[in-house]
Amino acid sequence: GKSSFADRDYFILSNDVKFLRNLFLQAIRGHEAEATSSRRMKEFKETLEGIQSIPSEVRDLFKISLLYEAEPTDKNFKAMHTRVLQMSAKDMKIAARLFLEMLQHANLVERNHRVRRWRDYKRGDGSVKSATSQTLQDAFKDLMDKGLTKDQIRDALLRQNTELVFTAHPTQAARR
């Protein structure tokens, strides 16, 4: 079947996140074991295996998180939760630092992806147009093309409320 713009867009973003994660893991592996052959490095592509400084409990959590990424079910989420509850405080700290680094990489990829989409949109690529890539002028034009008058649009805007949202960390604001 024909995939939607959102499906293609997510596929591109997801592949970029995985690519950057793999580069990160290869860098850690390379730093730890310069003698590891490249054939062996490829075997470890999506895992933390071969990184001796990462405790086995953290490697297990990472494996479960990959399962959850592929299949975000309650069962896989509960498996992650159970694994974390069984970890020592020291291992939780290592896991938190590892996942924080990977989330920062994902944020970097998301920012780059938005710029890429915006550039495609500005070049006139019609497949990019979505609610998140429109300018205000585009949005108003679309509303008027759907039959709304300027007064109806104005009245709807005047009825809007604005609420401030405080987050615990700047990366949360980027995901809102």
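The structure this text deals with has already been given above.
Predicted model only: the values in this text are computed from it and were never measured. (Residues numbered from 1 in each chain as written. Predicted model: local features only at pLDDT ≥ 70, side-chain atom pairs only at ≥ 80, totals over all residues. Heavy atoms only, no water.)

K.L.:
Any details on the nonpolar core? Residues and values, ideally.
P.N.:
In this structure, Phe-24 and Val-58 are the most contacted members of the largest nonpolar core, which totals 14 residues. Broken down by secondary-structure element, the contributors of at least two residues to this core are helix 1 (5-32), helix 3 (56-70) and helix 5 (89-122). Among the elements that make up this core, the one with the highest residue count is helix 3 (five residues). Residue contacts for Phe-24: discarding those within four places in its chain leaves Leu-98, Glu-101, Met-102 and His-105. (Core = buried A, V, L, I, M, F, W, Y, C linked by side-chain atoms within 4.5 Å. Buried < 20%, exposed > 50% of the residue type's maximum accessible area, 1.4 Å probe, protein only. Helix = DSSP H or I, 4+ residues; strand = E, 2+ residues; numbered from the N terminus. Contact = heavy atoms within 4.5 Å.)

K.L.:
Can you tell me about the pattern of salt bridges, naming the residues and giving the values?
P.N.:
If you walk through the whole model with that rule in mind, you get four salt bridges. Note that Arg-116 is salt-bridged to Asp-16, the shortest N-O span being 2.6 Å. Of this pair, Arg-116 sits in helix 5 while Asp-16 is found in helix 1, placing the two residues 100 residues apart along the sequence. On the basis of relative accessible area, Arg-116 is assigned to the partly exposed category, the value being 29%. In this structure Asp-16 comes out as partly exposed when scored by relative accessible area, which is 23%. (Salt bridge = Lys/Arg side-chain N within 4 Å of Asp/Glu carboxyl O.)

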